[in-house]
There are 2 protein chains.
Amino acid sequence: MGKRVFNFYAGPATLPLKALKEAKAEFLDFRGTGMSVCEISHRAKDFQAVLDEATALIKEIYGIPAHFHILWLHGGASTQFFHLPWNLALEGRPMTYIHTGSWAEAAIKEAKFFGEVKVLASSEDAKFSYTPRKFEIDRDAAYLHITSNETIGGIEWIEFPDTGATPLVVDASSDFLSHPIDWTRVALLYAGAQKNLGPAGVTVVIIREDMVARARTKKLPTMVSYATHVDKGSMHNTPPCFAIYLSLLALKDLKEKGGLPYIEKLNKRKAKVLYTLIDNSNGYYKGVARPDSRSRMNITFRLPSEQLEEKCVAEAKAKGFIGLKGHRSVGGMRASLYNAMLLKGVKELATFLSEFQKANA
Amino acid sequence: MGKRVFNFYAGPATLPLKALKEAKAEFLDFRGTGMSVCEISHRAKDFQAVLDEATALIKEIYGIPAHFHILWLHGGASTQFFHLPWNLALEGRPMTYIHTGSWAEAAIKEAKFFGEVKVLASSEDAKFSYTPRKFEIDRDAAYLHITSNETIGGIEWIEFPDTGATPLVVDASSDFLSHPIDWTRVALLYAGAQKNLGPAGVTVVIIREDMVARARTKKLPTMVSYATHVDKGSMHNTPPCFAIYLSLLALKDLKEKGGLPYIEKLNKRKAKVLYTLIDNSNGYYKGVARPDSRSRMNITFRLPSEQLEEKCVAEAKAKGFIGLKGHRSVGGMRASLYNAMLLKGVKELATFLSEFQKANA
């Protein structure tokens, strides 16, 4: 077997080794059923137990109040970009968005199919290097949508805005389960699994009861309506079983390690290792995000030249640090430090970057 | 490890053991990359190679002409039930459907969101026990939709109707890649993976160039438009990577074994074993489907009483024949004999059923 690399990809991304080993061990014989988890009927009690346990663990680890439902849906956040406005739009009332980069932009684009969209604030003036803090909540809006972490710019919204009676909708795809959330501020939160939870192909939607009630007032295609998935327990059709199963194993691993208090502390420490390196590099490494908006999940930075960036990515790869190239739309470098990235990996990367600077300054 | 059972579930369903073993063997180290296939970026060349090879294998094995595109999409057939009419509806022209049971009904229901739907023929008069053969094609229709195999009734449409200039759309979820198809009759064919191809969570859409052109005339949400997925090579967003990967391994296995000629012959033999048993049981086992419409994939039958059916399902399960209970909406028994079901499994099931009859007649 090849040496396990440190995988800094922005998603799909590194997963807990323990969860992967468990999945491998029982891949041909899921819980003694004599078949793979990829083969068992989703209606079989052994699979229902997987879905139920994964749902319960998300509620428990995230501290989600009882008036929220947890849905496991097909597709990625890109699917929710059009499902959510279709469910939550209200006649004659705008849908409001904060524009923080590529992912917010994609969400805004799809919402326009379903009514008027107002962008309340944008950080486009500074190439999406910060999360806007000053804007006025539109009290008339159907909802306010934010992207809690932008993987491309490397900016994050740790504390959510207090939107009062206006429902707050959060795309938390890239910082899901990475720190505690004040659920009193949230109406709906969704996240594609492939960064902080499990493999690609499933999206978790955490939806407050009143938003389900709003969806019930709409005539929607069956698969679009959140009410369908609440009523059918995410089993209206065959769910993406394997993605849910592997997410469960990752959730169990997270709980065993200490849940949110543990992972928040670890994520802060990991991010600090790299930001400290950047800040102490005498400008050799330049952070892309404004310090007050720095993401703990995606550390974006530049080197003195594109040539040096290319060289750095290539040398890092040769040493087993994979996926450090920035998003193709912005260039530069990016280290994604999702929940499953080990502190050891980040420290070793920092050592490599220090040495690279010495050799190439 | 537990003994491998014979899995007759209607889907998710049995998969080729060789493919499962390969996936298990490299689960922690995909192609020597030092990471799981569940962790690698979908933009990495090693994953692109998976998608490309799986696409090429479907084209090759199915003999698909060059003017069709192969798309790998999130979700199940239920997702396509609303995506396809949204892409293919034409102003002032009806969408036509043949109603053959629960799956056709679900497809019809969603199409009604996007325009007028006409049901040209239905087998509801005989509890969906046959595929209607006599109906007039509506030359004005945007398309005609059929469900090539109904898993609940156990009926199948081996030869597709000649619809002339009216585009034929086929939900082939439950008999995908199980026999050769006359592609000159098909405009779009789609199939959820979890019966004949791979694990749940991905749907293959095979779409003719003129249907893509039609989709381009529409203003659609990005994820709904077939044009998006053609233009982005099924990579507009992160695809369900693991489901595509395991489908590739199953496709390789199918090709090695002899492709469509091999699998069609095998599927005919497997179905014949059970239908012969049913026909020779002096009425103890009663086939549900009309003989001229019998599915090779889902063999549906009844016993003299529901009590005997329950007993039969339970005794079969104890002997390692899993998933023989009929769909909850119709009751009875059902043996699903998808591509990966071994002839050995079907023969052993037939022996068991013969013995059960002797002991319980």
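Residues numbered from 1 in each chain as written. Chains lettered and ligands numbered in written order. Predicted model: local features only at pLDDT ≥ 70, side-chain atom pairs only at ≥ 80, totals over all residues. Heavy atoms only, no water.

## Description of the pattern of salt bridges
Okay, so step 1: For the coordinates displayed, the defined rule picks out 37 salt bridges over all chains.
Okay, so step 2: Of the charged contacts, one joins A:Glu39 and B:Arg4 as a salt bridge, the two residues approaching to 2.7 Å between their closest N and O atoms. Here A:Glu39, found in the loop between α1 (17–25) and α2 (45–62), pairs with B:Arg4, found in the segment before β1 (6–7), and the two come from separate chains.
Okay, so step 3: Given the relative accessible area of 23%, B:Arg4 is considered partly exposed.
Okay, so step 4: Here A:Asp279 makes a salt bridge to A:Arg294, at a shortest N to O gap of 2.8 Å. A residue pair is termed long-range when its members are at least 10 positions apart, and A:Asp279 in helix α8 (residues 259–279) and A:Arg294 in the loop between β11 (286–287) and β12 (298–302) qualify at 15 residues.
Okay, so step 5: Assessed through its relative accessible area of 48%, A:Asp279 is described here as partly exposed.
Okay, so step 6: It is possible to trace a salt-bridge network through shared partners that takes in A:Arg31, A:Glu53 and A:Lys252. (Salt bridge = Lys/Arg side-chain N within 4 Å of Asp/Glu carboxyl O. Helix = DSSP H or I, 4+ residues; strand = E, 2+ residues; numbered from the N terminus. Buried < 20%, exposed > 50% of the residue type's maximum accessible area, 1.4 Å probe, protein only.)

## Regarding the packing of aromatic side chains
To describe a pair of aromatic rings, one takes the distance between the centres and the angle between the planes.
Okay, so step 1: Counting across every chain of the model gives 39 aromatic pairs over all chains.
Okay, so step 2: Consider the rings of A:Phe242 and A:Tyr245, whose centres lie 5.9 Å apart with planes at 45 degrees: the pair is tilted. In this pair, A:Phe242 and A:Tyr245 both sit in helix α7 (residues 241–257), three residues apart, roughly one turn of the helix. Considered together, A:Phe242 and A:Tyr245 belong to a single accessibility category, that of buried residues.
Okay, so step 3: With 5.3 Å between their ring centres and 85 degrees between their planes, B:Tyr62 and B:Phe176 make a pair best called edge-to-face. Taken together, the residues B:Tyr62 in helix α2 (residues 45–62) and B:Phe176 in the loop between β8 (168–171) and β9 (188–192) connect sequence positions 114 residues apart.
Okay, so step 4: Here the aromatic residues A:Phe27, A:Phe30, A:Phe242, A:Tyr245, B:Phe27, B:Phe30, B:Phe242 and B:Tyr245 are joined through ring pairs into a cluster of three or more.
Okay, so step 5: Positioned over the ring face of B:Phe113 is A:Lys219, at 4.9 Å from the centre of the ring. (Phe/Tyr/Trp six-rings, centres within 6.5 Å; stacked < 30°, edge-to-face > 60°. Lys NZ or Arg CZ within 6 Å of the ring centre and 35° of its normal.)

## Looking at the relation of the copies chain B and chain A
Okay, so step 1: Each copy superposes on the other: chain B lies on chain A with an RMSD of 0.0 Å after a rotation of 180 degrees and an axial shift of 0.0 Å. Expressed as an axis order, the relation between the two copies is that of a two-fold axis.
Okay, so step 2: With an isologous cut-off of 70% or more, the 100% of interface residues of chain B that recur at the interface of chain A puts this contact in the isologous class. (Least-squares fit on C-alpha atoms with pLDDT ≥ 70 in both. Contact = heavy atoms within 4.5 Å.)

## Observations concerning helix α7 (residues 241–257) of chain B
Residues and elements named next belong to chain B.
Okay, so step 1: With 17 residues, α7 should reach 24 Å at 1.5 Å per residue; the first-to-last C-alpha distance of 25 Å fits that figure.
Okay, so step 2: Of all 17 residues that make up α7, 13 are buried, and the element is covered over most of its length.
Okay, so step 3: Just beyond α7, the residue with positive phi is Gly258, at close to 130 degrees. (Expected span 1.5 Å × (residues − 1).)

## A look at the confidence of the model for chain A
Okay, so step 1: Of the residues in chain A, 99% have a pLDDT of 70 or more, and the chain-wide mean is 97.
Okay, so step 2: Across the whole predicted complex the pTM is 0.98, and at the interface the ipTM reaches 0.98. (pLDDT = per-residue confidence, 0-100.)

## Considering the domain arrangement of chain A
Residues and elements named next belong to chain A.
Okay, so step 1: We note that the domain assignment places domain 1 (17–256) and domain 2 (258–360) within chain A.
Okay, so step 2: Contact with domain 1, which involves 27 residues of that partner, is made by 24 residues of domain 2.
Okay, so step 3: Note on domain 1 versus domain 2: buried area summed over both sides is about 2000 Å², and carbon and sulfur give 53% of it.
Okay, so step 4: Where domain 1 packs against domain 2, one counts zero salt bridges. (Domains from an automatic or database assignment. Buried area = accessible area lost by both parts, 1.4 Å probe.)

## A few points about the sheet that holds strand β14 (residues 333–336) of chain A
Residue and element names in this part refer to chain A.
Okay, so step 1: Spatial ordering of the open sheet is given by β11-β12-β14, a layout of three strands whose pairing is antiparallel. With one partner strand each, in any of the chains shown, β11 and β14 form the two edges of the open sheet.
Okay, so step 2: Where β12 meets β14, four bridges bridge the pair, whose relative direction is antiparallel. Looking across to β14, one finds that Thr300 is bridged to Arg334. (Pairing = 2+ DSSP bridges.)

## Quick word on the interface of chain B and chain A
Okay, so step 1: With 63 residues of chain B in contact, the opposing surface of chain A contributes 63 residues.
Okay, so step 2: The contact between chain B and chain A buries some 4900 Å² in all, and 65% of this surface belongs to carbon and sulfur atoms.
Okay, so step 3: When residues of chain B are sorted by the area they lose upon contact with chain A, B:Lys24, B:Leu28 and B:Glu39 head the list and together hold 15% of the total.
Okay, so step 4: At the boundary of chain B and chain A, one finds two salt bridges.
Okay, so step 5: Run the count over chain B and chain A and you get 20 residue pairs in polar contact (both at pLDDT 80 or more).
Okay, so step 6: With six residues, helix α1 (residues 17–25) of chain B is the single largest residue contributor to the side of chain B that touches chain A.
Okay, so step 7: Split by residue class, the side of chain B that touches chain A holds 32 nonpolar, 20 polar and 11 charged. (Polar contact = N/O pair within 3.5 Å; in protein donor to acceptor, adjacent residues only side chain to side chain. Nonpolar A, V, L, I, M, F, W, Y, C, P; charged D, E, K, R; others polar.)

## A few points about empty space enclosed by the protein
A water-sized probe rolled over the atoms picks out the places where empty space is left.
Okay, so step 1: This structure, assessed with the given rule, holds four cavities of 30 Å³ or more.
Okay, so step 2: Counted as a void, the largest cavity has a volume near 180 Å³.
Okay, so step 3: Looking at the largest cavity, it is lined by 18 residues, and the ones nearest its centre are A:His74, A:Thr79, B:His74, B:Gly75 and B:Thr79.
Okay, so step 4: For the lining of the largest cavity, the secondary structure elements donating two or more residues are β2 (68–74) and α3 (77–88) of chain A together with β2 (68–74) and α3 (77–88) of chain B.
Okay, so step 5: In terms of residue class, the lining of the largest cavity is made up of six nonpolar, 12 polar and no charged.
Okay, so step 6: Estimated volume of the second largest cavity: approximately 70 Å³.
Okay, so step 7: As for the second largest cavity, its lining consists of A:Pro199, A:Ala200, A:Gly201, A:Pro240, A:Phe242, A:Ala243, B:Pro199, B:Ala200, B:Gly201, B:Pro240, B:Phe242 and B:Ala243.
Okay, so step 8: At the level of elements, α7 of chain A together with α7 of chain B are the ones that each hand at least two residues to the lining of the second largest cavity.
Okay, so step 9: Partitioned by chemical class, the residues of the lining of the second largest cavity number 10 nonpolar, two polar and no charged. (1 Å grid on protein atoms, 1.4 Å probe; cavity = no way out; pocket = protein on both sides within 12 Å on 5 of 7 lines; lining within 4 Å. Points joined across faces, edges and corners; volume = space filled by probe spheres on them.)

## Quick notes on the environment of A:Ala187
Residues and elements named next belong to chain A.
Okay, so step 1: Mapped onto the secondary structure, Ala187 falls in the loop between β8 (168–171) and β9 (188–192).
Okay, so step 2: As a C-alpha pair, Ala187 and Ser122 span 65 residues in sequence and 22 Å in three-dimensional space.
Okay, so step 3: The contact partners of Ala187, leaving out residues within four places of it in the chain, are Phe68, Pro167, Leu168, Ile206, Ile207, Arg208 and Met211.

## Side note on the packing of α3(A) against α3(B)
Okay, so step 1: In contact at an axis separation of 15 Å, α3(A) and α3(B) are set at 90 degrees when each is read in the N-to-C sense. The orientation of α3(A) with respect to α3(B), classified from their angle, is roughly perpendicular. Between α3(A) and α3(B), the contacting residues are A:Phe82, A:His83 and A:Trp86 on the first element and B:Phe82, B:His83 and B:Trp86 on the second. (Axes fitted to C-alpha atoms, helices over the stretch in contact; angles between N-to-C directions. Parallel < 35°, antiparallel > 145°, perpendicular 65-115°, else oblique.)

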